[in-house]
Structure formats: structure tokens, C-alpha cells
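# Residue-level structure breakdown
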Amino acid sequence: MTRVYFLPIFLISLLSACSSDTSIVRDSAPSIHPANIELTPDAIPRIEAKSRGGNPASYEVFGKTYHVLPSSEGFVQRGIASWYGTKFHGNKTSNGETYDMYAMTAAHKTLPLPSYVEVRNLDTNKKIIVRVNDRGPFHDGRIIDLSYAAAAKLGTLKNGTSSVEIKVINPSVDATPDVAPPPPIKQSELPPSPSIQQPFASNPTQGLLFIQVGAFSSIDNANRLKYELTNQLKMPVTVEKKSHSTDPLYLVQVGPYIRMQNADSTRLQLYKLGYKNTLYTGR
């Protein structure tokens, strides 16, 4: 992927992974595939102002001029999705944020930054929602570059690319357009829960049950979800730091619970709020 930084006076284009077939191999997945990365929650569409960076009227890369759309309303596009990973992890995105390959984000050449899009895998009909905060991919035939987590969830990692359709989501109208509400589920339909030990006196949360809603490499993203869940549930939500290889993971968890009945009730509530891939976990 070509990194594009928009500065007040001029545009800098740094050649990188998507500039040619031979350079693509320089980007890669992390050495250890994080557990349950495919269960990362979708980006949550919200009304946001356009970023101060990354939204010029037009810009040029490899001699080609791109015109940033003044509005994303009604935007639909079909083409090839690719992904980018460790080579750019921690670097600045085109709108000045920090690229987190474990977050549900993406890059697009002309959509206003930020935008929220639904990405549908045309081969599997799998759908995800990502937040577009970067520019690219500058490679013929490709319309969107997914983060590592988004590619894992969509099923794009194995082949490197997928045929997709992308639709812009307008948060002021409908956060999940063209998607039917989830059918009601019974507590008995939830996955079996782990056994629960009695709490240890030395640690009031040890041996108790938590509901894990998300896992992030960025503490800021974890705290953002924690804030949203706290407001939605009015329940205790914590961020648990776990060492994973050389990079820590921040786990967003609701709880603790002593009774499974209470945990099941909260998990059902999370499902109805759109958090469909929660997990039971203990400490």
C-alpha cells in the first residue's frame, strides 16, 4: 500500500507495499495470529466531522490525480479488496491517526475521511463494517485496503484479496443499512459457558466470569469501546492488558459475574445491541 500524507503545503507519497507486485511481499501478517481476531467487533458508525488531514479536493499519486468526494452519501462500489499489516502498523494514516492493524479500519482512494462502509465478500456473502481513515490502495483493480483484523474477519487473509461490494453507511440515517435485525435468541442457544471457580480472597475478580467484547492492540480503541459499553449497559466494564508476543493486547470485558444466569442475560443484551461475537472468559 502507498502511504499518503497530506501536509498544509504539499503532498508526500511514500512508495510501499501496493506500488508493485514485487513489493507486496514486504508487508506481512504478525508472526503470531492473535486468538479470536476473526471475532473483532465491527466498527460502530457514528457521526463525525471530516478529518482536518487527508481530505484535499484532489491529490496525485504515481502521476494519477484522484478527486476526493465532497459527500459519500449513496456510494456503492464493486471491485477487489486487499489488506495491509505489520509494515504500516503504528505509522500515521492519511488523516493523521495511527494505523492499528488490529482495529476494524480501511483505506480508500476517494471517500471522505473518516467514512464508515459495509464490506461484503461476494464469494461468501460475509459482511463487515469498517471505518475508513486512510488513502489507498494505489494498485490497479483494487478499491479498498482492509486492516489485518478486518481482512481476517472477512476471510481475505488466505488469498490476499477478495471480490467485494462496499456500501457507505450514513450514521445519521441507519448504522446498519440493508441488514435485517438479528432474530431473537434464547439463553439456551448461547454457547456453553466455562465452569466457574470460587473467588480467591487475595483477588476479588480471580475465578469469576467475564464477557469479552473486544480485543485491541491500541489502548485508545479499547477505552473507546469501554466508554460506549459503560454508557449502553450501565454495568462495570474493564480493560485487561494481556501480553501477546512482543505487543500487548487490551481486552474489553464486562463483569465480573458470579451467577451464569446474570452473565447470560448481559450477553443476550449485548447481542441485541449488535455485539454478536462475545466470549465468556475467566481470570
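This text follows the structure it describes.
Residues numbered from 1 in each chain as written. Predicted model: local features only at pLDDT ≥ 70, side-chain atom pairs only at ≥ 80, totals over all residues. Heavy atoms only, no water.

## A short note on the nonpolar core
Across soluble globular proteins, nonpolar side chains have a tendency to be buried as a group. Counting residues in each nonpolar core, the largest one holds 35 residues, and the members touching the most others are Val 117, Val 119, Val 130, Ile 144, Leu 146 and Val 164. The set of elements that each furnish at least two residues to this core consists of strand 5 (76–84), strand 6 (105–107), strand 7 (115–121), strand 8 (127–134), strand 9 (142–147), helix 1 (148–154) and strand 10 (162–169). When residues in this core are grouped by element, the largest group, six residues, is from helix 1. Ile 211, Phe 216, Leu 229 and Val 237 belong to the second-largest nonpolar core, a separate cluster that totals 18 residues. (Core = buried A, V, L, I, M, F, W, Y, C linked by side-chain atoms within 4.5 Å. Buried < 20%, exposed > 50% of the residue type's maximum accessible area, 1.4 Å probe, protein only. Helix = DSSP H or I, 4+ residues; strand = E, 2+ residues; numbered from the N terminus.)

## Notes on unusual backbone geometry
In the segment running from Gly 136 into Pro 137, the intervening peptide bond is cis, with an omega of -5°. Here the phi dihedral of Phe 62 falls at roughly 55°; this positive angle occurs in a residue that is not glycine. You can see Phe 62 is positioned in the loop between strand 3 (58–61) and strand 4 (64–67). The phi angle at Lys 234 is positive, at roughly 55°, despite the residue not being glycine. Within the secondary structure layout, Lys 234 lies in the loop between helix 2 (219–233) and strand 12 (237–244). Here Lys 234 falls in the exposed class, since its relative accessible area comes to 67%.

## What to know about the packing of helix 2 against helix 3 (residues 260–272)
Contact geometry of helix 2 with helix 3 gives a least axis separation of 12 Å together with a crossing angle of 110°. If you check the angle between helix 2 and helix 3, you find them roughly perpendicular. Along its contact with helix 2, which presents Leu 229, Gln 232 and Leu 233, the element helix 3 presents Thr 266, Gln 269 and Leu 270. Split into classes, the residues belonging to the contact of helix 2 with helix 3 amount to three nonpolar, three polar and no charged. (Axes fitted to C-alpha atoms, helices over the stretch in contact; angles between N-to-C directions. Parallel < 35°, antiparallel > 145°, perpendicular 65-115°, else oblique. Contact = heavy atoms within 4.5 Å. Nonpolar A, V, L, I, M, F, W, Y, C, P; charged D, E, K, R; others polar.)

## Examining the packing of aromatic side chains
Per the counting criterion, the structure on display carries seven aromatic pairs. Relative to Phe 138, the ring of Tyr 59 has its centre 6.1 Å away and its plane inclined at 85°; by these criteria the two rings are edge-to-face. One end of the pair, Tyr 59, is in strand 3; the other, Phe 138, is in the loop between strand 8 and strand 9, and 79 residues separate them in sequence. Between Tyr 84 and Tyr 99 the ring centres are 4.3 Å apart and the planes differ by 10°, which places this aromatic pair in the stacked class. Remark: Tyr 99 occurs in the loop between strand 5 and strand 6 and Tyr 84 occurs in strand 5; sequence separation between them is 15 residues. Accessibility classification places Tyr 84 together with Tyr 99 in one group, the buried group. Here the aromatic cluster, defined as three or more aromatic residues joined through ring pairs, consists of Tyr 59, Tyr 66 and Phe 138. (Phe/Tyr/Trp six-rings, centres within 6.5 Å; stacked < 30°, edge-to-face > 60°.)

The quantities given are spatial measurements derived from coordinates; they are silent on function.
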